[in-house]
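Notes for the structure review
Here are the chains, one letter per residue:
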Amino acid sequence: MVVILGMAILGAILGVMTARKRNGTGADMAQYAAGYGIAFALVGLVLSLILIRFVV
């Protein structure tokens, strides 16, 4: 659970930074943050499942 949340937050931060670098508006930053957050959360979910599978 912590891995998924951490990855989602990391993705949102990277999304905002990407939109800001491309001179996006506030709405662009929000959209990039949501998109990157969801994508990174899915990667975190897969990592979490792999870690649980190997540990248990």
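Look up a bit, the structure's there.
The structure reproduced in this document is the subject of the present report. Note that residues are indexed from 1 along each chain, following the sequence as it is written. Per-residue local features of the predicted model are confined to residues with pLDDT of at least 70, and side-chain atom pairs are confined, for both listing and counting, to 80 or more; whole-chain, interface and lining totals are unaffected and use all residues. Only hydrogens and water are set aside; all other atoms, that is, all heavy atoms of the structure, feed into the side-chain values.

With respect to the packing of aromatic side chains
Just so we agree on the cut-off: Only centres within 6.5 Å qualify two rings of Phe, Tyr or Trp (six-membered ring in Trp) as a pair; their planes then separate them into stacked at under 30 degrees, edge-to-face at over 60, and tilted for everything else. Per the convention used, a helix needs a DSSP run of H or I reaching at least four residues, while a strand needs a run of E reaching at least two, with both numbered from the N terminus. The buried label goes to any residue with under 20% of its type's maximum accessible area, the exposed label to any with over 50%, and the partly exposed label to all in between, with areas taken from a 1.4 Å probe on protein chains only.
Taken as a whole, this structure holds two aromatic pairs when the rule is applied. Measuring from centroid to centroid gives 6.0 Å for Y32 and Y36, while their planes differ by 40°, and the two rings are tilted. Of this pair, Y32 and Y36 are both found in helix α2 (residues 26–55), four residues apart, which corresponds to roughly one turn of the helix. The class of Y32 is partly exposed, set by a relative accessible area of 27%. Grouped by ring-pair contacts, the aromatic residues Y32, Y36 and F40 constitute a single cluster.

Side note on the side chain of S48
As a reminder, the rule being used: Pairs of residues are marked as contacts when any of their non-hydrogen atoms sit within 4.5 Å.
Structurally, S48 can be placed in helix α2. The buried category is assigned to S48, whose relative accessible area is 10%. Ignoring sequence-local partners within four residues, the contact set of S48 consists of M1 and I4.

Structural notes on the packing of helix α1 (residues 2–21) against α2
Selection criterion: Orientation is described by lines fitted to C-alpha atoms, with helices fitted over the stretch in contact, and by angles between N-to-C directions that extend from 0 to 180 degrees. Working rule for angles: under 35 degrees goes down as roughly parallel, over 145 as roughly antiparallel, 65 to 115 as roughly perpendicular, anything else as oblique. Note on convention: the crossing is left-handed when the near helix lies turned anticlockwise from the far helix by less than a right angle, right-handed when the turn is clockwise. Ten residues, namely Ala, Val, Leu, Ile, Met, Phe, Trp, Tyr, Cys and Pro, are considered nonpolar, four, namely Asp, Glu, Lys and Arg, are considered charged, and the remaining ones, Gly among them, are considered polar.
Following both chains from N to C, one finds α1 and α2 inclined at 150°, their axes separated by 6 Å at the closest point. One finds that α1 runs roughly antiparallel with respect to α2. Relative to α2, α1 is oriented so that their crossing is right-handed. Residue composition of the contact of α1 with α2, by class: 18 nonpolar, six polar and two charged.

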